[in-house]
Every structure is written in C-alpha cells, then in structure tokens.
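Each chain is listed here by its residues.
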Amino acid sequence: MDKILVHGGAPLKGSVRISGSKNSALPILAATLLTREPCVIQRVPDLSDIHYMLTILSELGAEVERASGTVQIKAEKVLTDAPYDIVRKMRASVCILGPLLGREKEATVSLPGGCVIGDRPIDLHLRGFEALGAAVRVQAGNVKVLAPELRGTTINMRGKFGSTVLGTDNIMMAAVLAEGTTVIDGAAEEPEVVDLANFLIKMGAKIEGAGTRRIIIEGVKELHGAEHTVIPDRIEAGTFLVAGAIAGEEVTLQKVNAAHLTSITEPLQKAGYHITTAADRLTIRPNGSRKPLELETEPFPGFPTDMQAQMCALLATGEGISVITEHVFPQRFMHLAELKRMGADIELEGATAIIKGVPQLSGAPVMASDLRASAALVLAGLQADGTTEINRVYHIDRGYESIDDKLNQIGANIERVKA
Ligand code: EPU
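Conventions and cut-offs
- Residues numbered from 1 in each chain as written.
- Predicted model: local features only at pLDDT ≥ 70, side-chain atom pairs only at ≥ 80, totals over all residues.
- Heavy atoms only, no water.
- Domains from an automatic or database assignment.
- Contact = heavy atoms within 4.5 Å.
- Buried area = accessible area lost by both parts, 1.4 Å probe.
- Salt bridge = Lys/Arg side-chain N within 4 Å of Asp/Glu carboxyl O.
- Polar contact = N/O pair within 3.5 Å; in protein donor to acceptor, adjacent residues only side chain to side chain.
- Helix = DSSP H or I, 4+ residues; strand = E, 2+ residues; numbered from the N terminus.
- Nonpolar A, V, L, I, M, F, W, Y, C, P; charged D, E, K, R; others polar.
- Buried < 20%, exposed > 50% of the residue type's maximum accessible area, 1.4 Å probe, protein only.

What follows concerns the domain arrangement of the protein. Each assigned domain of the protein is listed here: domain 1 (2-19 + 232-418) and domain 2 (22-229). On a C-alpha basis, the centroid separation for the pair domain 1 and domain 2 is 30 Å. Of the residues lining the interface, 27 residues belong to domain 1; the matching set on domain 2 comes to 21 residues. Regarding the contact of domain 1 and domain 2, the summed buried area is about 2000 Å², with carbon and sulfur atoms giving 53% of it. Residue R234 pairs with E192 through a salt bridge whose shortest N-O separation is 2.8 Å. Linking domain 1 to domain 2 there are nine residue pairs in polar contact (both at pLDDT 80 or more). Every element with two or more residues in the side of domain 1 that touches domain 2 is listed here: α12 (371-383) and α13 (394-397). A per-class count over the side of domain 1 that touches domain 2 returns eleven nonpolar, six polar and ten charged.

Taken as a whole and assessed by the stated rule, the structure comprises 19 salt bridges. A salt bridge links E179 to K221; the nearest nitrogen and oxygen atoms lie 3.9 Å apart. Of this pair, E179 sits in the loop between α6 (165-175) and β12 (181-185) while K221 sits in the loop between β14 (214-218) and β15 (227-229), and the two are 42 residues apart along the sequence. Judged by its relative accessible area of 74%, K221 is exposed. The network of salt bridges with common partners includes D2, D397, D404, R416 and K418.

Below you can see the structure in the form of structure tokens.
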C-alpha cells in the first residue's frame, strides 16, 4: 500500500488548478444510463471513485471511452443487476438505482453498509422510489426496485440530518422518465444537484427549481444524448484554501466557482485570512494574527461536512479555543485521534470537537481512515515539525486528483512511497 510522507514547514506559494467535482461527476456519469444515445462528459477528474463508476457502467453494458478528462459513454443496452464486487467498493454506486429504474423500470444493487463516517442509510432514496410506484425488496444483501410504471407524485426528501444529496439525485433521475409531474420537497440544494439537473435538462428532461428546496420534474417519454462539463470541485478548492491558510505565503486557486465557496471563505476571512476573488480565481494570504472559530456543518449553503476534518487540522494550531459541531454525519471524527497523535489538543463532546490551538504540531506516523480525514492529515503535516507518514493513502486517491503533485507544485515537500 502506498504511503505519503509530508515533510513539514515548506511555505506554499503559487497557483493550483482545481479539478472537476467528484460528487458532481459520479451521478452525472450514472445519468448517462438514461439514454441509448452517446453522451460526452468533460472535466471528469481522474480518481479511483470515478474509475469504479466507469467500471460499473461498462459491466452494465455501456461502451465507455476515456481520454484524459473527457469520457464518452453510450449505453445502447443495459443490464439491471449491478456487479456486487465493484458496487461494494463505493457507496455512491447507489446512484445507478434511479437511472436504471427510470429507463428499465427495475434495478438491483447491493445494499451499502455503514462506513467510517457513520451509519449511512438509504431509506429516503427507497421511500422516494416507493412513492413513484416502485416495489422495493431487500434480500440477501441486495436492494431490488421494480415498477410496472413510474408515476409522478409529491415526495419529501428531508431526513433528521437534513436533505439527502444522492437521494435527491436518485429520485430526480427516476422521475425524469415517469408519467406526469413529480415534486421533490425538502430537496438538497447542493451545487452538485444543480449540475446534475443541468445535464438532465440538456438530455431533454423538464426540471425546474434545482438549487432550491422544491424541484419540479415533468416526466418525458425519452431522453437523448448530450455533452456537459462538470463544475469545479468545491471541496478540493476548500482543501487547497486551507492548505494556503496553514502554510501559505500566497496561494491562488484557478478554475473555481467562488459562489460555491462562500461558506468556506467566510470563516477563513473571519479567522483573519485575506481572500481575493477575480473571475474564476481565488487567492488566500495570511493577514497577521489568526482568530479561533465556531463552526457547525450544515447542508449547502451551510459549512460543508466534507470540509470539517480539514478545518480541524487548521484550527489545531494557533491561539484560542475553536468549536466545530458536526450535524450531517455526527460520527465523522476519526481524524481527531490521528491529529492528537501529532500533538493537537482536541476533546470530543457528543458531535462537537473542542479544539485548543497549540503553537505547533509534530510529524508522526498516522493512519488515513477516510477521504477527508486523509486530506486533513496531509494539511496537518504541512505545518508540523518533521515528517508525517500517512498510511492507507488509497483513501485520498478516491477523491483528490494528484494532491501530492499539486501541493508540490506550490512548494510543499511531499513524497509518495510506492508499496
Ligand atoms: N441520510 C438518511 N437517509 C438516507 C440518506 C441519507 O438518513 O436515505 C442521512 C445521512 O446518514 C446523513 C444525511 O442524511 O446524515 C446526509 O447524507 P446525504 O444522503 O446527503 O449524503 P450522500 O448523498 O450519501 C453526499 C456526498 C458526501 C457528502 C454528503 C453530504 C457524494 C458521492 N457524496 O453523500 O461526500 O458528505 O453528500 O454533503 O456526493 C465525500 O465526498 O467525502 C463525501 C462523503
């Protein structure tokens, strides 16, 4: 297994180009199953999660061609049973249920289990499919959805931790080919949901309200092929902003959408960083002393759960006491034990991390537990004294395109040791 060695203390300076969004690209690639015609998706990041999705699509019978960031998919015929071995590697594979149900009126996918960021049920997805007229059966670890026909209806996608992103995507992808009008209330408002809706609209779907709490979909008979460019990855951008905050003299992000990033830039400005925006660029610079923060994760447009670990790494040093409460995945705190091994002073009370800033962290061997936790450890390593050895880095390759190379381009000192 590869590991990453971060030699701390190198100042970051320069520009980095942000990749296409993983969490947009995954459901958009799944949505290509909705048509027999070819689709072309641009700015698809080169990540292992994307590779799993493309493998699932080809196992289902689609022709898939990839040349750097461009993926062409033609799903003339599709199978409706997803291969267990690949599906189980990635929770997002659940988002093939919606398009298969929409197109073939049936789909079988192995039921995702829990993961280190907590229990991750799909009850809201299944409730939505049932409301559209599907029968849902869970048997031998698989979930099977089957509908003689799909009928538009009003569905509420809000659960006790807020709206569900992939659940909203799944229902939208099934409802575009349903009979009549579907109203999704309590819809997730994330930019990735809007990006998927924009792609579906290019394919001929009739969707209004994506990006608000109410999405209205008027079913059509069929969809056609389309071309689409994936939006910039706001979590990769946020992670590089925090890298700039932790170790930067001046770091510029290229090809970002600043409007998607205000819930990350605002707290950084409050903490004392100077951030400027010009066209599709953002630049972060330290601005003297740094203040502690109080943050709560929320669905978009709130502070994203996918940035919580990275922000813990930033706030672990400096003066004062910061507090971060996790409302979306209350158990998503595996990174705290590893940050403490590096000298951080953090207590967890329920779903709230109380972080007392220390003057400096020290490098240590640490273990990556999930994607964002591994990013947090790389960030912590940038500011630590000595070398941080991060094991199980396959987690980071699931969601960051060459994070080590990109950080090295702006002055970091990171080595990848191949197993
Ligand atoms: N939930 C339910 N029932 C459901 C679905 C979700 O109770 O049927 C709960 C979840 O347990 C959680 C909350 O609702 O407490 C929100 O989960 P959501 O369904 O929105 O998560 P997701 O759609 O499975 C996507 C991203 C995650 C990101 C979350 C929240 C993708 C592929 N994944 O997951 O990204 O954390 O939304 O914004 O889009 C990551 O990139 O590191 C990552 C984990």
